[in-house]
Amino acid sequence: MSRIEDENTQAKSAWEANAAFWDERMGEGNDFFETLLWPAVERLLRPVAGERFLDIACGNGLTPRRLAKAGASVVAFDGSPAMIARARERAGAGEIDYRVLDARDRGALLALGAFDGALCNMALMDMAEIGPLLGALPVLLKPGGRFVFSVVHPCFNNPSAIQMAEMEDLQGALVTTYSVKIARYATPFTQIGLAMEGQPVAHPYFHRPLGLLLAPALEAGLVLDGVEERAFPADKASGGNALSWRNFSEIPAALVVRLRRPA
């Protein structure tokens with residue numbers, strides 16, 4: 001078995017084991033999703049009633065349900081049968097066609113047909129290989145069609161990141177400064193980690209610097225035409241956990257990108 005096959009199997013097994021926990025904790029969205037991700041995804045994707053969308057690595061169906069509520073027809077897939085089972089249980093308004101599918105299977109992807117738009121929310125960093133998926137998008141998307149993805153920000157929130165809070169007495173006032181220390185960025189690497197504290201099984205994160213993250217899509221002919229770097233606003237600061245991302249208002253925890261097939 002190749003390294004990529006082995007890592008792909010490991011990632012699938014981890015998400016299969018975490019499906020019930022993830023669904024119960026995520027439900028219809030948490031603070032990270034509602035504040036950082038969905039507002040930017042919605043702005044960049046701009047779902048319109050009557051359009052056809054592909055939701056890639058859809059997890060428990062949270063984002064397909066949002067697209068369906070906007071009146072879109074949605075095909076949604078995930079590599080985990082347990083995740084798809086959870087998504088089907090939650091159902092949703094509109095048309096959602098759920099599938100179990102490997103995002104690296106180009107033939108299966110192309111058999112899904114053509115779409116006005118595609119979304120991959122917080123999943124590319126969970127995939128051992130993204131080239132087949134991104135290379136298929138120019139065929140999957142109609143002319144002018146858009147693809148939006150979100151990931152943990154590879155510059156500031158990659159698996160090597162160490163979050164820090166430092167307090168100093170600044171002329172009689174106690175001031176806390178929040179910062180991030182990054183030890184690795186330029187070279188891709190894989191590291192086991194947690195998406196949520198308490199999840200049953202840690203899973204592999206596949207870090208790629210920005211250039212390598214975007215390269216397969218750009219080489220396939222897609223055009224980059226939208227980027228948002230997402231940090232929590234200062235008024236969302238957390239008083240409970242000093243190292244919560246809600247306290248890092250100057251450092252983006254997530255990156256949301258739009259690529260488009262030229263018309």
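Residues numbered from 1 in each chain as written. Predicted model: local features only at pLDDT ≥ 70, side-chain atom pairs only at ≥ 80, totals over all residues. Heavy atoms only, no water.

What about the overall build of the chain?
Helix and strand counts for the chain come out as seven helices and eleven strands. Its C-alpha atoms give the chain a radius of gyration of 19 Å, within 12% of the compact-globule value 18 Å for 263 residues. Taking the principal axes of the C-alpha coordinates as reference, the chain spans close to 65 × 45 × 35 Å. Per-residue burial for the chain yields a buried fraction of 48% across its 263 residues. Contacts in the chain between residues at least 24 apart in sequence constitute 69% of all its contacts with a sequence separation of at least 6. (Helix = DSSP H or I, 4+ residues; strand = E, 2+ residues; numbered from the N terminus. Rg over C-alpha atoms; globule rule 2.2 N^0.38 Å. Buried < 20%, exposed > 50% of the residue type's maximum accessible area, 1.4 Å probe, protein only. Contact = heavy atoms within 4.5 Å.)

Considering the sheet that holds strand β4 (residues 115-121)
Ordered by their spatial adjacency, seven strands build an open sheet running β3-β2-β1-β4-β5-β11-β10, and the pairing between neighbours is mixed. Looking along the sheet, the strands with just one partner apiece sit at the ends: β3 (95-100) and β10 (223-230). Mean inter-strand twist for the sheet, computed between neighbouring axes without regard to direction, equals 15°. Packing against the sheet, helix α4 (residues 81-90) makes contact with β2 (73-78) and β3, and its axis sits at approximately 160° to β3. Lying on the sheet, helix α6 (residues 131-140) is in contact with β1 (52-56), β4 and β5 (141-152); it crosses β5 at an angle near 150°. (Pairing = 2+ DSSP bridges. Axes fitted to C-alpha atoms, helices over the stretch in contact; angles between N-to-C directions.)

With respect to the packing of aromatic side chains
Going through the model one piece at a time under the given rule, you end up with six aromatic pairs. With 5.9 Å between their ring centres and 35° between their planes, F147 and F149 make a pair best called tilted. Taken together, Y178, W245 and F248 form an aromatic cluster joined through their ring pairs. Between R66 and the ring centre of W38, over which it is positioned, the NZ or CZ distance is 5.6 Å. The ring of F189 has R184 lying over it, and the distance from NZ or CZ to the ring centre is 3.9 Å. (Phe/Tyr/Trp six-rings, centres within 6.5 Å; stacked < 30°, edge-to-face > 60°. Lys NZ or Arg CZ within 6 Å of the ring centre and 35° of its normal.)

Some words on unusual backbone geometry
Even without being a glycine, A57 presents a positive backbone phi close to 55°. Locating A57 in the fold gives a position in the loop between β1 and α3 (62-69). For Q171, which is not glycine, the phi dihedral falls at a positive 55°. Note on placement: Q171 falls in the loop between β6 (162-170) and β7 (173-181).

Side note on helix α7 (residues 210-219)
Looking only at α7, the buried set comprises L213, L214, A215, P216 and A217. Of the surrounding elements, those touching the buried residues of α7 are α6, β5, β10 and β11 (254-260). Positive phi appears at G221, one or two residues downstream of α7, with a value of about 110°.

A word on the nonpolar core
Among the nonpolar cores identified, the biggest contains 71 residues, and L54, I56, L124, M127, L137, F147 and F149 are the most heavily contacted of them. Broken down by element, the residue count for this core peaks at eight residues, all from helix α2 (residues 31-45). When neighbours within four sequence positions are excluded, I56 is seen to be in contact with F77, A118, L119, C120, N121, M127, L133, L137 and F147. (Core = buried A, V, L, I, M, F, W, Y, C linked by side-chain atoms within 4.5 Å.)

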